[in-house]
Structure formats: C-alpha cells, structure tokens
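Chains, contacts and geometry: an overview
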Amino acid sequence: MTDAQETAADSSLRTTGGAPPDDVEKAPTPLLEPRDGIPPVIADEDALAEMIAAYARGAGPVAVDAERASGYRYGQRAYLVQLRREGAGTALIDPVACPDLSGLGEAIGDTEWVLHAATQDLPCLREIGMVPSRIFDTELAGRLAGFPRVGLGAMVEGVLGFVLEKGHSAVDWSTRPLPEPWLRYAALDVELLVDLRDALEKELDRQGKLEWAREEFDAIASAPPAPPRKDPWRRTSGMHKVRRRRQMAVVRELWTARDKVAQRRDVSPGKVLSDGAIVEAALGLPPNVHALAGLSGFGHRMGRRQLEQWQAAVDRAKALPDSELPQPGQTVSGPPPPRSWADRDPAAAARLSAARAAVSALAEQLNMPQENLITPDTVRRVCWEPPAEITEASVSEALAAHGARRWQIAQVTPALVAALA
C-alpha cells in the first residue's frame, strides 16, 4: 500500500458498507464519504473573503474542480467550483453569485493546483479570475503512467481503493438551489485528489517519467487561451452529407440564427434546434414554412413563429449571390488528409507509414498512448515536409518547431530518423 493509500484508508475517512459475508474473502470496496461533511455553498462576498483567508493559510497543493452545464446552457461557464486544501478543508463556491474569484486566484496562484483533465476546467476557471501558475493533472499523469482507465472514479478506485459515487456528472449544474446529493458528489470530486496526486507522482518517479509529466503540466499551465474557432458552423453534425455550396449556405445561416437565439436565451444550441434539423433543411431547401414543417426536426411541436424564423434563414441563404456562397472544405494549414498521400506523394505516404509504425512500437514499449508520446498531427507534418537532411539534430528541430516537448523529442527523434530515412 502506498503512503497515499494509507492516508486514504485513515479512520478520518468515513466509509459505508458493513462486514463482508463469511464466504467472501475480499471486503467490498468502500464507498467514499466526505470526511468533513458537505460544506455550505459560498454565495456571498463575506463568506468568500473568509474562505479565501482560510485557503491562504492552508498548506500544500490545492485540489480544484469545476462543474459546467454542458448540454443545458449556452457556453462552458462554471456553475460550481470545488476546492480542498490541507488546513482549510473543502469549499464549494457558487460562481453565479460570486462571479469574480480573482481574489481567490491570487491567494492560491503560486500554489500547485491539482486537477483531473485540467484542459477541460481551466478555460471556465480563467473566465472567473482563477489562473494557476503550476498544476498537476491526475488524468494526464494516469495516461503517462500507463493506466488503462483514467477517469477520476476509476483512478481513485484503482489507486486508492475507494469508490466515488456516480450519476451526477451530466446533470444541469445551473439548477438553483443545488440538491444535496449533487453537492455531496461535487465535494467528493476533490476529497482525495491530492492523495491521488501523491500516489501518481511516486508511480511516475518509479517509471522514470516524472520529469516528462512536469513538462506536460508546465505546457498546459502556460498555454494561452484557445483562439475562436474559424467557421464553427462547419462542425455541424452530419455536415458530410452536405455537398453543394447553396446547401452549405443554409447550414451557415441556420447555425448562426440558432446560435444567436441560444445565446440570448442562455440555453444549449441543441435545445433550440438540432444539428439534424439543420442538415435536413439544407438538403431539402424548403420553399416555404409548410414544406419546412414537414422536415424531420421541425415537427408539430414547433410554433409558427419559430418556423418562420428558420424559414427566413433558409431564404437568406437561397438569395445569396454565388460569389458569397461558402467554399467546400475548410482552409487548413498543414498537410492534406493522409488518405490522399499515396496518390499525391507516394514517398511521403511511405514515410508516414514507417513513422506511425515506429511511434506505435515506442508507445507500447513506454506503456502510454501514442497521442501522449507525440501528437499524430506533429508526425504528419514532419513526414509531409521532412528536413532537407535527415539527422537527429534536424528532426529534433522540426519537432520542436511543431510544439513537441523536450522529453518527447528525446524519445521520438531516433525512431523518426530511421523512419524518415
């Protein structure tokens, strides 16, 4: 048992479940309970100030998590923030009532933040003023260490021996007041996060991967916010069915109209109009509201006013001059899709095949997913436009130019040099 497991198994962690039957040798995995109970949700400035002071006095890393209302609300804002720190306990904060958490961010900004799947939570935390300088990502640590399942529940059970409750991850966290079972679930998400971090750090160190992980964590913490996606309407589900430019214009107009309505009503765009309905309208090019109402997704439950709104978007697309219609495909930088390489550049296709095989073998040897060893996009770019002279120095320089970390370059370069040659 690791030190972290011993900590988790300490009597201060209350668990449920009685003694096992006589004929069962192995005790059931204990169900985790909040050791300090469920704290009240912080929803005013006085309580927030008191909590910030307590966390500033706390010791060690801070476990941080956030809950969003994906699928219910527009955007990816945080609707609950959970934290836990030694000496300060667990805190649950309502960022709707307390939208500016920059004071908290400053109080713990120099402390290591422990998150699970940090790239999912950091954008919404940044919006409310919480920006870490150092992180430890337990999900990414699990990937690098070779764990087959890296969800928080699986990691806590496999590493620490406790079961986290399931069932509330996809609820509408914008609900107010939040039900007690949801708050209990949220508190447990940070209950053992630091214990998990300590155990994973030891495992990574044992495997000789701890410095690799630290490079990855530093890259995540220092990454700038992602730029707005160009032409987001092109990601409409079912877009592959839309071939003609006029039909693409219908998708664009309907997507844009839907987005405005969703933003105004603060609901998920899918609750306003489904992607499937948008594609159906694009393919059918309905001439009027009556025809639109007959399409899938525009059924009898939709009111006349809504139908007229969507038909107006279709009509705008149909009235556009050819010069303003969207072009097929999306302008992207970098190499073309690999499926076209054999025809366009057989030598590049051969390089890519050899490189993929080499990376796959190396990832298996290092016991980690290929995409964590080196991104597939980086491999494609180097294979499509390799250095003029294939040497370890030139390949290392090319990998660095595409954003590979030092540890990735050190591990992958020899294999890629052989493949490219």
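Residues numbered from 1 in each chain as written. Predicted model: local features only at pLDDT ≥ 70, side-chain atom pairs only at ≥ 80, totals over all residues. Heavy atoms only, no water.

Under an unreviewed UniProt entry, the name given to the protein chain is 3'-5' exonuclease, and the source organism is Streptomyces alfalfae.

What follows concerns the overall build of the protein chain. Along its length, the protein chain carries 20 helices and eight strands. Its C-alpha atoms put the protein chain at 70 × 65 × 50 Å along the principal axes. Counting the 421 residues in the protein chain, one finds 46% classified as buried. The contacts of the protein chain with a sequence gap of at least 6 include a subset with a gap of at least 24, amounting to 65%. (Helix = DSSP H or I, 4+ residues; strand = E, 2+ residues; numbered from the N terminus. Buried < 20%, exposed > 50% of the residue type's maximum accessible area, 1.4 Å probe, protein only. Contact = heavy atoms within 4.5 Å.)

Let us look at the packing of helix α6 (residues 152–160) against helix α8 (residues 193–207). Where α6 meets α8, the axes come as close as 10 Å, and the angle between the chain directions of the two elements is 60 degrees. Seen from above, α6 lies across α8 with left-handed handedness. In this structure, α6 contributes Leu152, Met155, Val156, Val159 and Leu160 to the contact, and α8 contributes Leu193, Asp195, Leu196, Ala199 and Leu200. Looking at the contact of α6 with α8 residue by residue, the classes come out as nine nonpolar, no polar and one charged. (Axes fitted to C-alpha atoms, helices over the stretch in contact; angles between N-to-C directions. Left-handed = near helix turned anticlockwise from the far one by under 90°. Nonpolar A, V, L, I, M, F, W, Y, C, P; charged D, E, K, R; others polar.)

So, about the packing of helix α9 (residues 210–222) against helix α20 (residues 406–420). It is the contact of α9 with α20, at a shortest axis distance of 8 Å, that shows an interaxial angle of 130 degrees. Of the possible angle classes, the one that applies to α9 and α20 is oblique. For the pair formed by α9 and α20, the contact residues are Trp212, Glu215 and Glu216 on the first element and Arg406, Trp407, Gln408 and Gln411 on the second. Across the contact of α9 with α20, the residue classes break down as two nonpolar, two polar and three charged. (Parallel < 35°, antiparallel > 145°, perpendicular 65-115°, else oblique.)

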